[in-house]
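Observations on chain architecture
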Amino acid sequence: MEKTNPKNKIQVTTGERIFNVFNILFMLFIAFIMFYPIWHVLMASVSESNLLMTHRGLLFWPEGFSWAAYRYVARNPAIPQGYMVTLFVVIVGTTVNIIMTSLAAFFVTRKNQFLAKYVMMMIMFTMFFGGGMIPEYLNVRDLGLYNSLWALIIPASINTFNCIILRTSFLGLPESLEESARLDGASEFTILFRIYIPLSKAVLAVLVLYYGVAHWNSWFSAMLYIQDRSKFPLQLLLREILISNDTSSMANTSADFTLIAETIKYALIVVVSFPILCLYPFLQKYFTKGVLVGAVKG
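About the criteria used
- Residues numbered from 1 in each chain as written.
- Predicted model: local features only at pLDDT ≥ 70, side-chain atom pairs only at ≥ 80, totals over all residues.
- Heavy atoms only, no water.
- Phe/Tyr/Trp six-rings, centres within 6.5 Å; stacked < 30°, edge-to-face > 60°.
- Buried < 20%, exposed > 50% of the residue type's maximum accessible area, 1.4 Å probe, protein only.
- Lys NZ or Arg CZ within 6 Å of the ring centre and 35° of its normal.
- Salt bridge = Lys/Arg side-chain N within 4 Å of Asp/Glu carboxyl O.
- Helix = DSSP H or I, 4+ residues; strand = E, 2+ residues; numbered from the N terminus.

It is worth spelling out the packing of aromatic side chains at this point. According to the stated counting rule, one finds 16 aromatic pairs in the structure shown. Measuring from centroid to centroid gives 5.6 Å for Trp-67 and Tyr-70, while their planes differ by 55°, and the two rings are tilted. Looking at Tyr-70, the relative accessible area reads 18%, which means it is buried. One aromatic cluster is present, built from ring pairs that chain together Phe-32, Tyr-36 and Phe-60. When the ring centre of Tyr-72 is taken as origin, the NZ or CZ atom of Arg-75, which lies over that ring, is 4.7 Å away. Of note, Arg-110 hangs over the ring of Phe-106, and the distance from its end group to the ring centre comes to 4.0 Å.

This model, assessed by the stated rule, comprises five salt bridges. A salt bridge links Arg-110 to Glu-178; the shortest N-O distance between them is 2.5 Å. Taken as a pair, Arg-110 in the loop between α4 (78-108) and α5 (116-125) and Glu-178 in helix α8 (residues 175-183) lie far apart in primary sequence, 68 residues in all. Like Arg-110, the residue Glu-178 is buried in the burial classification. Through salt bridges with shared partners, a single network forms among Arg-110, Glu-178, Arg-182 and Glu-188.

Following this line, the structure appears as structure tokens:
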């Protein structure tokens, strides 16, 4: 058996070792900057409010320890109601987004369609020019969507950037697959749902993540179009509490509630952010492949 000559190993110079050390320290510093805000909110949410108010500087451990803020959040009726509204918008909205984006991307890839090129130009046009807030509001109102959850879903059915990503993925599929399907008598919808979509799972997983996170974090559209508080999504309730620095919407004015009002804000942030953070690990394996599709072929 041939032995490896130690002299053939790549020698690491002193400069390379110093670079590697500084590179590792720099990346650890960046990781700390990104992770610390999450850790601060988590530690603040389980701290005692009076001790937290007097704390200054970085927070690495809870100031005291208390689950009182989470108990009040769990008992507040507005939070479960906001969760249901947000879940409806995320699930139904993302489903509508994927269906409409798939149909649009499939249409603009048709070489035998006369209008496909012009439709793609119109889609690209919306990336640079828009009607503005007032025309959008008037459009939603005149369509009868005002104060309806569909106002948060239908106007945002297709995102231009996501449509371009999926179109690029479709263009990268072999044409022979479609030709073989047509010889077997497959229709356009059969080709889309039986060939194109199954072969684009990685990209679709990324689009589900993009659309889902966008719906989950959205509050501005709800602020414009939703008037009934029972239809407020979770993010809009959180915004009212954080921006106005007022926890009166928690529907509790007891003395104990007033004492933990500060930690309730942090507990709400954790409750609102936790579900979407749990979604990332399941889609992470598709993320790198899907997000690089647009860089391979335009």
